[in-house]
Structures are given as structure tokens and as C-alpha cells.
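# Analysis of the macromolecular model
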Amino acid sequence: MIANSLRCAALLGAIAITGACSAGGSGNGSTGSGGSGGAPTSSSSSSGSSSSSSSVSSSSNSSSSSSGEGGGPAMNSVSLLSLNLHCLRLDGTVYATNADRFSAIATLVASRDISAIALQEACERPGENALNELRTAIEKATSATWSSTWTFAHIAWEGTPDQADEGVGLLVKGALSDPKEMVLAVQGSLRRVATSAMLPAEWADIRLTSVHFEVFEEAARKMQAREVAVAALVDTDPGFGAIVAGDFNDIEGSATHAAFPSLGYLAADAGLDAAGIDHVMVHRAAKWRPVKAEKVFLGMEAVSDHPGIVVRFESAPGDPVTPTRISTLYTPAANQFLSIRGNMTPLTWDLGFPLHRSTNGTFAFISTEIKNDFEFKLLVNDQTWQTGANVMGKAGMDQSVAPTF
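Attention here is on the structure that accompanies the text. (Residues numbered from 1 in each chain as written. Predicted model: local features only at pLDDT ≥ 70, side-chain atom pairs only at ≥ 80, totals over all residues. Heavy atoms only, no water.)

Each helix and strand counted, the protein chain has four helices and 28 strands in total. Evaluated residue by residue, the protein chain yields a buried proportion of 53% over its 405 residues. Restricting the contact set of the protein chain to residue pairs at least 6 apart, pairs at least 24 apart contribute 72%. Here the protein chain has roughly 15,100 Å² of accessible surface; of this, 51% comes from carbon and sulfur atoms. (Helix = DSSP H or I, 4+ residues; strand = E, 2+ residues; numbered from the N terminus. Buried < 20%, exposed > 50% of the residue type's maximum accessible area, 1.4 Å probe, protein only. Contact = heavy atoms within 4.5 Å. Areas by Shrake-Rupley, 256 points an atom, 1.4 Å probe, with all protein chains shown as cover.)

Next up, the structure:
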């Protein structure tokens, strides 16, 4: 029997973590100590001059980025649902068909006036497409037109009658725009991806990302969270209207979860379920504040092996923030990635944050939470250090780095 055909079941401490299992991609990189000659210098009082093997230029941001400036939202409140669909399986529910459980989901979407949905384990196979069938049911229940985007992750339940193509997706009332998909740089036992899109005008410049992180390997899961947390900021710069929702396969307070608050995200589902592994994050600069979070599809109403999370947001000016931006034109080789480590929170010398390719082609890191000047280095695969002295970083500045490795 193929091991990856079995249902995933992993223990995180005393918490059972479950999800679809399938054949996935292998890891592209791993965390580790610095390479020969490139590890950070021990002193935190470096003079700031870079060695001849790397160069850095910087410019000051003219003002703080405040999402409260500009036009206000078209509504006072909006609601979001995050739900792992458990592929096309019915076990754990009272429903005899997928059409029945999709109808139940649609009924709740209509009753809660939900206008955006982040989906995980959204599967398709010949004759069945969960995203399309759910969209049809929701359009019928809401008498509105919905749009969707979907990104393939891996084959689920491979070699069994339940085999299907699994992915993450978004369902949005109205028209979503600028869909993007991302294959995560650090892979574990399963190939993992993220998908995102801009939401309609009523959401006031929000980009929603749906994620499903690694289940078995904690190190990969933690790096995936760090990568998505950075990517969502780079993709929403300068307003930082970012919401990330989905199956984190980790609990509140874990290193996976903590990657988001460290970069200025608010946990919209904070305190909802100490053992829960599904979460919703919104950046503090966004024009919305979570005012109510609830678990849905519980007990006899279950539509999956995961509960859903519904978050209602109310319009707010958002916190004024001052971004620190680090970018480079250096392009890593295929199946490699760049990361950044440093000596000022949220950066550490122990583990990096993957950089994300921006719209202008550079690889970038953005933080709204760096308060003081700092030192940093870039790494390849978070393993091979940039050579030369530590680079001196300026809080609230834009800096371009030309590293050598």
C-alpha cells in the first residue's frame, strides 16, 4: 500500500492534526547554520561599512504608510469564512452526497452574509469539482454572482477510490481580481501552495490569501508561514491590506502561528479555540478590524473533518505604519530561495524570513515592525550566508542590497 494514500494524522504535542495525504514534492531548501566565512559577526556594533563583496544603497521613506488614508470602505462590515473541505470525502458528516453538504455550506454563507471564502482541500476529479459545485450552490442561495480562483497543490488519496487533485482556492461574492499563485519555497512531505486575489471594492483594497501548510514537518511548516506572511505584505505594499486564512496545521502560540503577529498581523480568531489549527490573520494596517469570530459546522452540522471559522470585520482606519524594505536584484537559481536574518525583532540570527519576488522583479522583505536600526544578512535556502560583514539596516528605510555568496 502506498503510504501517502493513508489519511494524514500527526500529533503536535497532544493535539491531533489531520488532513488529506498524498504524493508531494520534495523540499527545496532547509534551515541551517551559516556557511563558511559568511556567518554574522558577533559584534552588534559594526561600523556599517560593507565589504567589497557586497554593496547596499538606501533611501528614506517619505512618510509612514497608513491604510487609514484615502477612500473609506463601501460597507461598515464584511464577513469571511475559512474552511477545509476534506477533499470530496463525506466521512465525519451526516451528508449522503457532496451536493447535500455544499448546500448546507451555501445556506450558512447566505445567513451570515459572507462575501469571501478561503478554501483548503478543495478537490476535483473527473465528473466532480468541489469549487465549481460549491459556487453554484452559493449563487443559488445568495442570488448573487460569485467568482473563484484555485491553485493545484498535489494529488490527494493517491491510489485509492478517493484520488483527486487537491488545491487551495478562493470564492468571492462579485469579481475578484489579480489572482496569484505561489509554490512555497520550503516543502515537506506534501507539495504546498498558496493562492491569493484582490477582493471586490466593498472590501476596501484587501488581498485575501488561502493557505494549507505542511502537516508532518514542523520546520517546513514554520518556514511556509514566514514566507506567506512576507509575501502578503510585499503584494499589498504600501497599504498592507492583507488577510491570510486557512489550515495552518498548528495551534495558536506555535512558531507557525507566531510568524504572522511578528510581522504586524492581528489574529482575528484569537482565543477562539486553543486546539484549533485553522486561523485568520489580518494586518494591523488594513482598513478592517475583526469584531467577532465563531466556529461553525460543529457536531451534527459538520460538513468536513474541520470546523469552519467565520470572522466579521468592521471598517477601521487601520494603524499608521512605517515599513522597512530590503530588496535585491540577485536572482537565486531554480529551486532555491533567498531569506533574511538579522539582530532586530522580528529578525533573528537563528532562522530567516524568505524573500518574495515583487512586481518589479526584485526579491523583497518588508516589515512594519522594525523600530530601530539593525544588522542583517541574506542567505540562499536559509543556509548559505552572504559573504562579508553584516549589512547595516536603517529602520523605516528602503535599502537595495547586492550580495555575494
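This part is about the packing of helix α1 (residues 98-111) against helix α2 (residues 130-142). Axis separation between α1 and α2 bottoms out at 8 Å; the angle between their running directions is 45°. What the angle tells us is that α1 and α2 run oblique. Relative to α2, α1 is oriented so that their crossing is right-handed. Along its contact with α1, which presents Phe102, Ser103, Ile105, Ala106, Val109 and Ala110, the element α2 presents Ala130, Glu133, Leu134, Ala137, Ile138, Ala141 and Thr142. In terms of residue class, the contact of α1 with α2 is built from ten nonpolar, two polar and one charged. (Axes fitted to C-alpha atoms, helices over the stretch in contact; angles between N-to-C directions. Parallel < 35°, antiparallel > 145°, perpendicular 65-115°, else oblique. Left-handed = near helix turned anticlockwise from the far one by under 90°. Nonpolar A, V, L, I, M, F, W, Y, C, P; charged D, E, K, R; others polar.)

On to the packing of aromatic side chains. Using the criterion set out here, one finds ten aromatic pairs in the structure. Both rings, one in tryptophan 150 and one in phenylalanine 152, keep their centres 6.4 Å apart while their planes meet at 50°; by these two values the pair is tilted. Among the aromatic residues, those joined into a ring-pair cluster are Phe213, Phe248, Phe260 and Tyr265. Here arginine 89 stacks its cationic end above the ring of tryptophan 157, 4.1 Å away from the centre of that ring. Above the face of the phenylalanine 353 ring, arginine 226 is positioned so that its terminal group lies 4.1 Å from the ring centre. (Phe/Tyr/Trp six-rings, centres within 6.5 Å; stacked < 30°, edge-to-face > 60°. Lys NZ or Arg CZ within 6 Å of the ring centre and 35° of its normal.)

With eight of ten residues buried, strand β7 (residues 116-125) is to be regarded as a mostly interior element. Where strand β6 (residues 77-84) and β7 come together, five bridges link them in parallel fashion. In the sheet register, serine 82 faces β7, and the bridge partner there is alanine 118. Here β7 pairs with strand β10 (residues 164-173) via seven bridges, running antiparallel. Its bridge partner lying in β10, glutamate 124 is registered against aspartate 165. Direction of pairing for β7 relative to strand β8 (residues 128-129): antiparallel, over a ladder of two bridges. Bridge pairing in β8 links glutamate 124 to asparagine 129. With antiparallel pairing between neighbouring strands as the criterion, β7 and β8 make up a hairpin whose turn holds two residues, including glycine 127 at a positive phi of roughly 90°. (Pairing = 2+ DSSP bridges.)

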